[in-house]
Amino acid sequence: MADPVVTSHHAIAPHTAAGATVEITVDGRAVTAGAGEFLIAAAERAGTFIPRFCYHPRMKPVGMCRMCLVEVSGPRGATLQPACYVAVADGMEVVTTSDKVKKAQDGVLELLLVNHPLDCPVCDKGGECPLQDQVLAYGPGESRFLEEKRHWAKPIAISELVLLDRERCIQCGRCVRFANEVAGEAQIDFLGRGDLVEVNVFGGEAFSSYFSGNTVQICPVGALTASPYRFTARPWDLDQVESTCTLCAFGCRAAVQSSANRITRLLGMDSDPVNQSWLCDKGRFASEAVNAGTRLTEPLIRRNGVLETASWGEALALVAGRLSEVRTEKGAGAIGMIGGARLSNEDAYAWAKWAKGVVGTDSVDAQIGDGLPAEVVVSLPRATIDEACAARCLVTLAGDLREELPVLFLRLRGAAVDHDLAVVELTPQSGSLTRYTAASVAYRPGEAATVVRALAAGGPCPATVDPSVWAAAAAALGRAGDGGEGVVVIIGRPSLAEDGALVADAAAAMAEAWPSARFLPALRRGNVMGAIDMGLAPGLLPGRVSLDDGRAWFEEQWGAVPEARGRDAAGILDGLADGTMAALVMVGADPLSDFPDRTLAAGGIEAADFVVAVDGFLSSSAAQADVVLPSSMSYERSGTTTNIEGRVTRLSQKLVAPGQCWPDWMIASDLAARLGGDLAVASVTEIWDEIERVAVSHTGISRSVLDAPAARDGIVAPLAAAPVSLSRRLSPEPFDPMATPGIESVEIQGAPPRAGTAEPPTGEEPITAAGGAGLGAAHSGAAQSGPAQSGAAVRPRPLRWPQPVAVPAVPATDSYSLRLVAGRRLYDGGVLVGACASLTPLVAPAVVRAHAHDLEKLGVGDGDHVRLRSGRGDIVVAVAEDGSLPRGVASIDFNLSAAGATGNGSTAAGAGEGGVSALIDARQAVVDVRMETP
Amino acid sequence: MAVTDAPRIVTSRLEYDDSHTLERYLATGGYEGLRKALAMTPEAVSHDVDAVSLLGRGGAGFPAGRKWSMLRKAPTSYLVVNGDESEPATFKDHLLIERDPHQLVEGVVIACYALQVTTAFIYIRGEFALGLERVTAAVNDAYGHGAVGRDIFGSGFSVDIVVHPGAGAYICGEETALIESLEGKRGFPRIKPPYFPAAIGLYGEPTVVNNVETLSNLPWVMTHGAAAFSALGEGRSTGTRLFALAGHVRRPGVYEVEMVKTTFRDLIYAPVLGGGLPGGRELKAFIPGGASAPWFGPDQVDLPLGQDEVGAAGSMLGSGSVVVMDDSTCVVRAAWRITRFFWRESCGQCTPCREGSGWLEKILRRIEDGTGLESDLDLLMDISDNLAPGVSWPPQQTTICVLGSSIPSSIASAIRMFRDEFLLHVKDGACPFGAGPHG
């Protein structure tokens, strides 16, 4: 089903024969351009900057601003043509500096300023404003306009995050096009006619898109400003580094800007294989959490039931002492560690080495019960994001991607709308991607694998599925090869009320039916993929190897590894609750908010003999700890992070952490020493060198490879073979001076036309991982290069599919119960959103959605309150009718508050209290609830 | 030959009060052209239309036959009827829509048959409430009569017609803006290339967009034959054309006259046509083809009403509107009124048109109000140059559509022909014709 909104007849770039080129002349110079390329892009690569406002390389051209008019030869002589949508043709002669062009540029700029308020001194955009810069470089110098300018009420808040100043607007339509074309949410559009045309939202409707911040970034004037940044800084006072957003696991590249050791804003960088210049609003604006006054700045120790400040020495000694006691009394296996997905790869590795190599416990889990079995994640053949977008058939079995991995949603939506990506969605409830799918196959929680097996076998349509949907799904899958060639599967957690093992079972069914299919994990939490790669999962060691496969190797590297496979997060909490385990280390983890089963989380923390929290905030879980250690957060550390496709990118430090915060690796290192061990690392770079040396999935990804200019988009692990081919960038630089932030870009767009200064397109830029000058240490090489170390142990191999999946039994539902679905929302009750004043108003209250049929049975409707009761507890929430849900299903989004929680035995206060986590029983494969009037 | 001797091709039924009804239409030979067409091959019908040199009657004067021949072969294609007649003082399609809707419907079906298109859209200007009602009724009656719908007159050919009202935007008369509007979007003209909807049009499919009057000629061409049509007019300008005559004439109205054989003098002065200027006043200037057209002076009144003849003289027959201005007319006010229209109707997409129209309007109003400067004349011409480089004819464009490059026509004409009158406004600090209403 094509997107009914976007039927534009223009593509982002015209269709071109691959590799075909044409010869054109730009200002007398011969230039080779790609056949069908837009003139503006071809000229730019050849070093001639043609001024522009409305053109954006990631959106379809509209030719509205007319700033890019240049003289182009044609059958009727040279005429002024817009370079942004005229395609190059062989023999085309282009003049960008003639008097006629100059007159047109003068004219357009003078006309743009006719109604522009020229309030640059009080405008946030001043100093980085394309209008300002291009008027200076190309404009007439003074205005002949005498009349009064157009006036509008200003600024008007069009959402909680975005303010609109219509007087400054130059009607380039970038925001309008982004909202409609890229985000698929036409919430901002042109109104009116003539010079009274305005950009605005539709009467009374908010600009509620999760991607609204991108319109602020690409606005070429100060018409759209973001409330968190407004009036906080001047561009020339900002300092910036290039880094990766770690709010979710998609890995968007961003310019992180700060002033006076405070984050001022994030701007999306154009990473072609990943975010293509966009960010979601959570990633963009939740960065302000690091500035929050509620950050932990000193270690805390519980004395007489109250957390009091303490010195690092005191706190670390206490932690080491208590953990030693537990280890002595009950064994290392009595110590569990939850968390790690908020860390860098290096921090995660340090904690993994600490837990598995020093403490000796394998009960370590970076996933907080909201992910998938780690062995399944690391062993399934992995797809990249680009491969997912170019799949012959994409199958999704995941939560609502716009809520979980927002920019992945943008990429997939774009592929579906513009490139005919056929999507088959398997989901218990419709979501943001549903309207772009070829088929959305609904399944009841617990039945995913059954539906998948029937679909893969070309079997008859199950009774619960619409036959036309079934046929459409079969047709879409028919695009792929018989062995699943061209199939990419996105697997995540469609519902937190359904055991992750059930998703793994469905994935196993697909891997079996389509041996050539590839998988892209939709795990959402920050650096969860890096944490798993570094061994923060039970049964795994760094490098995606199993405990058993890697035992000999890591005993040689680390000295020791745990005897037996440990427990996952649910198992740890269970063990604490029943006394088989005694101590809990929470590393950037808040199980009370984030673990699906709040009762179990609360019970485990409550029952633990000793709890230590390493965190940036005193989360509801950290508040229960015996010792709290303040750690650095994103933007306060350097290192690397890993996204869902395994892409390793650089994290750059921008801030100095407040107070006495320590980086995690240092905490782990110190605690290791106090426990009689030695992590044997003295810096983040040393840790990376060790990772590259011992983690077989990361072999060859040395610091020098990561630092290579061509690796700005990161390196996907594992390297297939040497030499390494890095992805080609769009152009020498991702060039949109108005979208690509930074001081450099301001200089570029403010410069007069340059001739012949830019380098030619780079194309594929090979980096030799083995033997290349200065690239990689001596031991670098492909994984199969065998033992290169002095030791005897053979390098283990990363886990390969198939892996066993323990499938829990799914009980039959009774006709009085509703099967629970717990999806996710982008803005939830998590600790980071809670620390951002600009995002907290966007957190919606929890509601239960169900089919009208099920609501009518109880005689309730929209807005009424009901009591939901499971075997675990009960909550009271408001009701909303949702015809897209199957009958017999109740859906509540996770980690949102509702009134009236009485979860069994829960005493802790937390953001998600009264939410769906009070109903979920982690020991059950699925959760059935009864709906009652309260 | 008298100016009224030519046959009336599209206005033959207007003497009847019930000319819009199916009964009257059938009683006066209605749908006979369609029956004849259906008995021919589609290619033969197309060939006839190409042969008679039926120039588009909407404004650009593009030959209908050539436009049809450009239609890209595709499984789905559309015919769109442009009934969004909105240019000031242009009201000829208005008459055909209200008074002879069946003739339009028949023309649409003939065109669809020739093009082998099975879906047509008639886009009617939103303000034409009665026209909308009558075209809708005509389409419904034609379905009942078997002239539209499944298996027309047993020929096996089928066509569906959708009538769609505009929402009051002049720009939606631009064919790509009209297509956007039909698709339910804001009426922004599309960027070119693609230059013709015949390649990529409505819903991305090949589309022919024809004017109401153009299609209304087809029944006559079918019943009377191509030769009879070609015998009228001269050169490329064959047949008759409707002219909406307005301004300072005794008998304003819509007149169907033979092309080329009739002159502007005939149209303005012939007793059975315009009947001359009222009160014995002198002709000062006239607009030969709608608000977008450069003006002519009294010395050009003997030009024939032919597309190429008028084009060679530096203007156009355009939308078929002739506005006569006598010696009581203030040309500054006239230029301002026309510019104000374009300012209000600019879609706001391209910078030069959006900002330039408003600025030009402000300057003209300032001059008319007596607060203009002598330098404003150069300023007007320079801003005009930014909309239509060279301010020449035919105009060059800096904008997506021709609305922007049309704005300078009246301004440049007025300044070039009546520079002294502008300077008098500046020197006297007042309009020499007295303050007029600004409404």
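Residues numbered from 1 in each chain as written. Chains lettered and ligands numbered in written order. Predicted model: local features only at pLDDT ≥ 70, side-chain atom pairs only at ≥ 80, totals over all residues.

Caption draft 1: Local environment of the overall build of chain A. Helix and strand content of chain A: 26 helices and 38 strands. Counting all 934 residues of chain A, 60% fall into the buried class. (Helix = DSSP H or I, 4+ residues; strand = E, 2+ residues; numbered from the N terminus. Buried ≥ 20, exposed ≤ 12 C-beta atoms within 10 Å, placed from the backbone.)

Caption draft 2: Layout of the nonpolar core. Judged by nonpolar contacts, the single largest core of 426 residues is most densely connected at Ala 507 of chain A together with Val 108 of chain B. For this core, the leading source of residues is helix H6 (residues 101-115) of chain B, giving 10 residues. When sequence neighbours within four positions are dropped, the list of residues in contact with Val 108 of chain B reads Leu 79, Val 81, Ala 120, Ile 122, Ile 161 and Leu 215 of chain B. The next biggest cluster of nonpolar side chains, apart from the first, holds eight residues, and it includes Ala 711, Ile 715, Val 716 and Leu 719 of chain A. (Core = buried A, V, L, I, M, F, W, Y, C linked by C-beta atoms within 7 Å. Contact = placed C-beta atoms within 7 Å.)

Caption draft 3: Seen up close, the interface of chain B and chain A. In this assembly, 32 residues from chain B lie in contact with 30 residues from chain A. Tallying contributions element by element places helix H15 (residues 351-368) of chain B first for the side of chain B that touches chain A, with nine residues.

Caption draft 4: Expanded view of the domain arrangement of chain A. Residues and elements named next belong to chain A. Partitioning chain A into structural domains gives domain 1 (21-226), domain 2 (235-291), domain 3 (300-375 + 528-639 + 655-709), domain 4 (383-521) and domain 5 (818-932). Placing the centre of domain 4 and that of domain 5 at their C-alpha centroids yields a distance of 26 Å. Across the side of domain 4 that touches domain 5, the residue classes tally to seven nonpolar, six polar and six charged. (Domains from an automatic or database assignment. Nonpolar A, V, L, I, M, F, W, Y, C, P; charged D, E, K, R; others polar.)

Caption draft 5: Looking closely at the sheet that holds strand E4 (residues 79-82) of chain A. Residues and elements named next belong to chain A. The strand order across the open sheet built from five strands is E2-E1-E5-E3-E4, with neighbouring strands paired in mixed fashion. Because the sheet does not close on itself, it has two edges, and the strands there are strand E2 (29-34) and E4. Sheet twist, expressed as the average angle between the axes of neighbouring strands with direction ignored, equals 40°. Pairing between strand E3 (residues 69-72) and E4: four bridges, direction antiparallel. Each bridged residue has a counterpart across the sheet, and for Leu 69 the counterpart in E4 is Pro 82. Here helix H2 (residues 99-114) sits on the sheet and contacts E3, E4 and strand E5 (93-95); the angle it forms with E3, its principal contact strand, is near 160°. (Pairing = 2+ DSSP bridges. Axes fitted to C-alpha atoms, helices over the stretch in contact; angles between N-to-C directions.)

Caption draft 6: Spotlight on the sheet that holds strand E7 (residues 240-247) of chain B. Residue and element names in this part refer to chain B. With respect to topology, four strands assemble into an open sheet ordered E8-E7-E10-E9, the strand pairing being mixed. Only two strands of the sheet have a single neighbouring strand rather than two, namely strand E8 (253-258) and strand E9 (283-287). For this sheet, the mean inter-axis angle between neighbouring strands, taken without regard to orientation, is 30°. Pairing geometry for E9 and strand E10 (residues 321-326), over four bridges, is antiparallel. Across the sheet, Leu 283 pairs through a bridge with Asp 326, a residue of E10.

Caption draft 7: Region of interest: the domain arrangement of chain B. Residues and elements named next belong to chain B. What the domain assignment lists for chain B is domain 1 (22-229), domain 2 (237-326) and domain 3 (331-428). Domain 1 and domain 2 are separated by 26 Å when their C-alpha centres are compared. Contacts between the two partners involve 17 residues from domain 1 and, on the opposite side, 18 residues from domain 2. Here the side of domain 1 that touches domain 2 is built from residues that sort into eight nonpolar, five polar and four charged.

Caption draft 8: Structural view of the pairing of strand E19 (residues 423-427) of chain A. Residue and element names in this part refer to chain A. The buried fraction of E19 is high, at five of five residues. Neither face of E19 is exposed, since Val 423, Glu 425 and Thr 427 on one face and Val 424 and Leu 426 on the opposite face are all buried. Both strand E18 (residues 393-397) and E19 contribute to a ladder of three bridges, which runs parallel. Note on E19: the bridge partner recorded for Leu 394 is Val 423. In the sheet, E19 pairs with strand E20 (residues 439-442) via four bridges, with the strands oriented parallel. In the sheet register, Val 424 faces E20, and the bridge partner there is Ala 439.

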